[in-house]
Amino acid sequence: MKILILFALWFIVSCVLSQSDTDSSGKQVESDLDLIVVTVATEETDGFKLFMRSIKKYGYNVQVFGTGEEWRGGTMDSLGGGHKINLLKQGLKKFKNRENLLIMFTDSYDVVLTKGPDALIEKFLKFNARVVFGAELTIWPDASLKDKYPKVKENEKRFLNSGGFIGYAKEIHDIVNYRQIGDMDDDQLYYTQIFLDRSLRHEWNIKLDNRCEIFQNLNHQLDEVSLKYQGTRSYLYNLKTGTRPIVIHGNGPIKPEFYRQANYLADGWTITNGCQSCNEDLIDLSKVEEENYPTVLIAMFVEINTPFIKEFFERVANLDYPKGKIDVYIYNTITAHEKDVKVFLEATEGAYKSIRYISPSEDVSSVVGRNWALDECVSKECQYYFEINSFVQVTKPSLLVDLIQQNRTIIAPMMKRHEKLWSNFWGALSRDLYYARSEDYLDIVNNYKVGVWNVPHVSSVLLVQGQLLPQLKNAYSYNPLYDADMSFCQMARKRNMFLYVTNRDSWGHLVFYDYFETNHLHNELFDIFNNPLDWENRYIHKDYKAELQKDSGFEQPCPDVYWFPMVTDTFCDEFVAEFENYGQWSGGKNTDPRLASGYENVPTVDIHMNQVGLERQWLHFLQTYVRPLQEKVFLGYNHNPAHAIMNFIVRYKPDEQPKLRPHHDASTYTINIALNRAGIDFEGGGCRFVRYNCSVTATRKGWMMMHPGRLTHLHEGLRTTKGTRYIMISFVDP
């Protein structure tokens, strides 16, 4: 028993000793350490703000060197970066004699931390080193040094990366002061040469983080990491080494993908809590007087034949923002939309600070027109630039305020085509910088994940902070090989400006313009399939949906004759105008070559829907809007889809055809929509149901009567005594 007790005590002591921290000489290292993170940042870019968010979240003590100084280390696209070391030499002097101080250097424009100081110190101490550098699979900048590196195990990274290292203050100070380096010399080569010198490596006990315990340098190796969640935490997991690195460095050409992952890191978005970063650094306009609102230039671009452009201009005018704080810039290349621009200009005359209109006659290219808009904003010293294309429908007037309050460099409200995946942002880029679908694109576009997302491309509608516009001069022509929006986004990325899209609310949608027919008098009448939301908004009566409610009543002016609010005045006016523009009215004779039989028993002066190309759209109207009402009032009758062969507009005039004799309709039920106003546009008229001796004479414009056909509802058209009466008739389910 004594032997077992002694063995147990020995085992416990051994375990404790094995977990204590020793340096290379076997001496125990103080575990009571302080930690300071140091970085170099000459300007406060969006990348730097992202880095600092993670620094603040986890409570790191940070020192930033070089703030406000001119950067002299090159573009960092090739050799360079020596300026970082020279800034560190100056900044680290005060720490060189701090014995119990750890210093971690990281880049700050493409780095995010994912855990706090205690976890970082714990990981560092397990290396039993004085200094630990991050590692990567790619050797840079001198490939000839490859064979001088120590060998590593499978899945480990062999080559030094200078974007992150941690060590004791004295050693870090001595390393950065080892020799002189020019500002334009390469910082990674400087550290590499030190590491590959065996005597220096031993003297300073330098090791590489080959397994990404602390430093994850992504470079090209995106397939080795995966985003993971644990409760309210998010982190990056290395699939090859099974580690959870703390310092995530988006070095190399994969920055768009790194920034996408950074949306989630540092608990920016988690499954449990959703978007945590969305409510940080907001601007509150709720208590700001209107005269103190930021100034905005709204730039509208009309460059394609656009359906429902009337509503586009109306909705821009209805933005909930003081017009006295808005300058307007309109660029239009479409002659057919000149009238729509004119209506907007007349309706808002004198309301805005200023309006500049570039018309089709000025023959200004799209790129130039858009660059001029940026220049206009700069010249007026606007605080925000708001760009919106004509195919964007803003349905929530608070859009502009909501975007400003989010306080992002460049931000777009997420908008998409109705029931489509086509949206105004890209989640990723292909190698040639065109569209690629990110793994979270569908989650964002379908609102399964809600937040504010750093993405590589936004378009169609966006807000830019005005102080950045001088850096974006001529952005739309920055890359002439790309479309204007791609060129703009590429320059923004090059200038280290983040592009955000937010789906925190629903602000509107994009209209589908690809197959928009422009050969009609009122083209939107024909657009029910491509843009059902906008079609319904313009043409369906505002009270229609109330009729579908379970507890709603319905008017019954005669037995089994029902009356419903159906379409808008706009529908009625455009519908009549479209048919009058077509003009080929029948003569109201029994002989009718449009019918298969060639004979009409009860003829009217009419035009059939198929004559003007509206038959398919009208059948969809019957199915979508009429059938639900029919099933509510004629219980037990269900016919899906609703079908009609005879769909036509009828015209009654005193000197043409004033009335219609009693007759039965060749239908299961008939709908009759009044298209103009009784007592105003015409006098007399109406419908009399003979069996019940019941007449409907005070017809209502846009309202639909529905009654049975065939046997029960013999009816006649009453005499129109003055003016012209128009009605739309469908014999449903003949």
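In this numbering scheme, every chain counts its residues from 1 along its sequence in written order. Only residues with pLDDT of at least 70 are given local features in this predicted model, and only at 80 or more are side-chain atom pairs given and counted; all residues enter the totals for whole chains, interfaces and linings. Hydrogens are left out, water is left out, and the side-chain values use all remaining heavy atoms of the structure.

To continue, consider the environment of A428. The numbering of helices and of strands both runs from the N terminus, where a helix is a DSSP run of H or I of at least 4 residues and a strand a run of E of at least 2. You can see A428 is positioned in strand 21 (residues 428-429). Those residues within four positions of A428 in sequence are excluded, and the remaining contacts are Y434, Y435, A436, R437, S438 and P456. By the convention used here, residues are in contact when the closest approach between their heavy atoms is within 4.5 Å.

Between the rings of Phe, Tyr and Trp (Trp by its six-membered ring), a pair exists once the centres lie within 6.5 Å; its type follows the angle of the planes, with under 30 degrees stacked, over 60 edge-to-face, and the other angles tilted. Taken as a whole and assessed by the stated rule, the structure comprises 51 aromatic pairs. When the ring of Y435 is compared with that of Y441, the centres are 6.2 Å apart and the planes differ by 85°; the resulting orientation is edge-to-face. The class of Y441 is buried, set by a relative accessible area of 2%. Think of it as a cone above the ring: NZ of Lys or CZ of Arg counts as a charge over the ring if it is within 6 Å of the ring centre and within 35 degrees of the ring normal. Sitting over the ring of W422, R417 keeps its end group 4.3 Å from the ring centre. When the ring centre of W585 is taken as reference, the NZ or CZ atom of R651 above it lies at 4.4 Å. Relative accessible area decides the class of each residue, using a 1.4 Å probe on protein chains only: under 20% of the type maximum gives buried, over 50% gives exposed, and in between gives partly exposed.

All right, on to the pairing of strand 28 (residues 555-558) then. Working note: regular strand, side chains alternate between the two faces of the sheet. At least two bridges found by DSSP between two strands are what make those strands a pair. Bridging between strand 28 and strand 29 (residues 561-565) involves 2 bridges; their strand directions are antiparallel. Pairing of E555 across the sheet is with W563, part of strand 29. Hairpin connection, strand 28 to strand 29: the antiparallel pair is bridged by 2 residues, and D560 has positive phi, about 55°.

With that settled, the discussion passes to the sheet that holds strand 40 (residues 725-732). Strand order in the open sheet made by the 7 strands is 28-29-37-33-40-31-30, with antiparallel pairing throughout. Looking at the sheet topology across the chains shown, the edges are occupied by strand 28 and strand 30 (606-608). On average, each strand axis in the sheet is tilted by 25° relative to the strand beside it, whichever way the strands run. In this sheet, strand 37 (residues 703-708) lies alongside strand 29 in antiparallel orientation, the contact comprising 4 bridges. Residue W563 lies in a different strand from strand 37, and its bridge partner there is M705. Helix axes use the C-alpha atoms of the stretch in contact, all axes being lines fitted to C-alpha atoms, and the angles between their N-to-C directions lie in the range 0 to 180 degrees. Contacting strand 30, strand 31 (644-652), strand 33 (669-674) and strand 40, helix 17 (residues 569-582) runs over the sheet at an angle of about 90° to strand 31.

Moving on: helix 9 (residues 309-317). Because each turn of an α-helix spans 3.6 residues, side chains separated by three or four positions in sequence point in the same direction. Within helix 9, 7 of the 9 residues are buried, leaving the element largely enclosed by the surrounding structure. By the burial criterion, the buried members of helix 9 are I309, E311, F312, F313, R315, V316 and A317. Those residues of helix 9 that are buried are in contact with strand 14 (296-302), helix 10 (338-347), strand 17 (384-389), strand 18 (392-394), strand 27 (508-510) and helix 15 (532-539).

One can describe the packing of helix 15 onto helix 17 by two numbers: an axis separation of 7 Å at closest approach and a directional angle of 95°. With respect to helix 17, the element helix 15 is oriented roughly perpendicular. Along its contact with helix 15, which presents W535, R538 and Y539, the element helix 17 presents T570, F571 and E574. By the convention adopted, Pro, Cys, Tyr, Trp, Phe, Met, Ile, Leu, Val and Ala count as nonpolar, Lys, Arg, Asp and Glu as charged, and the other residues, Gly among them, as polar. Per-class residue counts for the contact of helix 15 with helix 17 are 3 nonpolar, 1 polar and 2 charged. Working definition: roughly parallel below 35 degrees, roughly antiparallel above 145 degrees, roughly perpendicular at 65 to 115 degrees, and oblique for all remaining angles.

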